[in-house]
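Structure at a glance
Spelled out, the chains give:
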Amino acid sequence: MRKVEEIKKTGATFTPRPLADFLSSRIMAQLSSDQCLSVLDPACGDGELLLSISTQLAGMGYPFSLSGYDSNKRYLASAQARLQQVDSQHTTLINGDFLDAISLPDEQFSIGFDGVSQLHTNQLFDVIIANPPYVRTQVLGSENAQKLAQKFNLKGRVDLYYAFLIAMTNSLKDNGIIGVITSNRYLSTKSRESVRKFLTENYSIVELIDLGDTKLFDAAVLPALLIGRRKKNRHLSSPARFIKLYEELNGYQGACRSATTVYDILNTQDKGYFQVNEKRYKKTTGTLTFDTTNGWDMLSEAETEWTGRIDATASCRKFG
Ligand SMILES: C[S@@+](CC[C@H](N)C(=O)[O-])C[C@H]1O[C@@H](n2cnc3c(N)ncnc32)[C@H](O)[C@@H]1O
């Protein structure tokens, strides 16, 4: 049993298999290659995400190699045992701090591994799948937070996942695909403007899935999934799909479609109200608009029209 304190300190809330499979399937939908795909999980824990994506890659007949990194030896040993059954061309598992090991001189990223020759990760990977640790600043400690802020040029409150996003991005090839689970806070809060800007500049965001309070896993924060393709041209942005799924707690009494699991709701094209056992959920889908300052808008077509009308009325009042 992993100790609560250890989990808090290292952000080691592992991804449950169904969520790992869901994330893998969304990444898979973006792949098309007959070349060997190099896959990285920079905080691989006991290897759930690597295991999940390997199964799907093998199922589709893709050749692939795996790299995993984790600061905890015990988790890594477990990953090693679990990944032995996987039919990858190479599997490299590294025990160490991914952020510490990465060096950023002139955007030349390389990560080192104790006792083993350097593994260069600058634009090395075709696919990154990750659930980076979520560790609160107080738990991180001010010295660590300062070190990270300096290294990754982070302003304001230091979030470990933001440092991971920067490090992962520089490990991804142009056109490489990232699928990542993070806290959903950066989607809307003013203080995470820099995270949104970074993502908008570095990725063609394919899909954002805000899992809200669906409690698909035991994390201390509300999770969101981002699927993106690394892009060269910072100024080009293309529309992204979004899905927002929240438990319905506003007393909605209308009709609900029934679903067996929350994943069935996520996988169907339908939106609206759903019921899984006793719980009701509201699923909204639409197009994400990129406004780095005010947050990304995740509004359905109907909501966009509605807010447009409110904005128009407000500006009439202001100038009328
Ligand atoms: C949220 S868990 C995710 C594990 C696994 N990828 C999964 O999804 O189940 C985060 C993992 O990051 C590891 N970790 C924390 N800080 C790290 C760091 N700086 N470098 C590498 N791994 C780190 C923890 O030991 C933990 O296993």
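Scope of this entry: the structure provided in the associated data block. These numbers were taken from a predicted model, which means no experiment stands behind them. (Residues numbered from 1 in each chain as written. Predicted model: local features only at pLDDT ≥ 70, side-chain atom pairs only at ≥ 80, totals over all residues. Heavy atoms only, no water.)

1. Points about the pattern of salt bridges
Evaluation of the coordinates by the stated rule reveals eleven salt bridges. A salt bridge links Arg-241 to Glu-207; its shortest N-O distance comes to 3.5 Å. Placement of the pair is Arg-241 in strand S11 (residues 240–247) and Glu-207 in strand S9 (residues 203–210), with a sequence separation of 34 residues. The exposure class of Arg-241 is partly exposed, given its relative accessible area of 46%. One salt bridge in this structure joins Glu-247 and Lys-215, with 3.8 Å as the shortest N-O distance. A residue pair is termed long-range when its members are at least 10 positions apart, and Glu-247 in strand S11 and Lys-215 in the loop between S9 and strand S10 (223–230) qualify at 32 residues. Overall, the relative accessible area of 17% leaves Glu-247 in the buried class. (Salt bridge = Lys/Arg side-chain N within 4 Å of Asp/Glu carboxyl O. Helix = DSSP H or I, 4+ residues; strand = E, 2+ residues; numbered from the N terminus. Buried < 20%, exposed > 50% of the residue type's maximum accessible area, 1.4 Å probe, protein only.)

2. Things to note about the site of the ligand
Neighbouring the ligand are 23 residues; Thr-15, Ala-43, Asp-70, Asp-97 and Phe-98 lie closest to it. Cys-44 places a main-chain nitrogen or oxygen 3.5 Å from a nitrogen atom of the ligand. The separation between an oxygen atom of the ligand and a polar side-chain atom of Asp-70 is 2.7 Å. Relative to its free-state accessible area of 590 Å², the ligand is covered by the protein chains to the extent of 96%. (Near = heavy atom within 4 Å. Polar contact = N/O pair within 3.5 Å; in protein donor to acceptor, adjacent residues only side chain to side chain. Areas by Shrake-Rupley, 256 points an atom, 1.4 Å probe, with all protein chains shown as cover.)

3. Description of the packing of helix H2 (residues 17–28) against helix H3 (residues 48–59)
In the contact formed by H2 and H3, the axes pass within 9 Å of each other and the chain directions differ by 50°. Between H2 and H3, the angle is such that the two are oblique. Every pair of crossing elements has a handedness; the one defined by H2 and H3 is right-handed. Contact residues: Arg-17, Ala-20, Asp-21, Leu-23, Ser-24, Ser-25, Ile-27 and Met-28 in H2; Glu-48, Leu-49, Leu-51, Ser-52, Ile-53, Thr-55, Gln-56 and Leu-57 in H3. (Axes fitted to C-alpha atoms, helices over the stretch in contact; angles between N-to-C directions. Parallel < 35°, antiparallel > 145°, perpendicular 65-115°, else oblique. Left-handed = near helix turned anticlockwise from the far one by under 90°. Contact = heavy atoms within 4.5 Å.)

4. As for the pairing of S10
In terms of burial, S10 is a largely internal element, seven of the eight residues being buried. With seven bridges joining them, strand S8 (residues 172–183) and S10 adopt antiparallel strand pairing. Note on S10: the bridge partner recorded for Ile-177 is Arg-229. Inspection of the sheet shows S9 paired to S10 by seven bridges, in the antiparallel sense. When the sheet's bridge partners are listed, Ile-205 is paired in S10 with Gly-228. (Pairing = 2+ DSSP bridges.)

5. With respect to the packing of aromatic side chains
One pass over the full model with this rule turns up eight aromatic pairs. Aromatic side chains Phe-14 and Tyr-75 sit 5.0 Å apart centroid to centroid with 80° between the ring planes, which places their arrangement in the edge-to-face category. Taken as a pair, Phe-14 in the loop between helix H1 (4–10) and H2 and Tyr-75 in helix H4 (residues 73–83) lie far apart in primary sequence, 61 residues in all. By relative accessible area, Phe-14 is classed as partly exposed at 24%. Given a relative accessible area of 5%, Tyr-75 falls into the buried group. Plain terms: the ring middles of Phe-22 and Tyr-263 are 6.0 Å apart, the flat faces sit at 50° to each other, and that makes the pair tilted. Of the two residues, Phe-22 sits in helix H2 while Tyr-263 sits in helix H10 (residues 262–267), which places them 241 residues apart along the sequence. Each member of the pair, Phe-22 as well as Tyr-263, is classed as buried. Following the ring pairs from residue to residue traces out a cluster consisting of Tyr-69, Phe-98 and Phe-164. (Phe/Tyr/Trp six-rings, centres within 6.5 Å; stacked < 30°, edge-to-face > 60°.)

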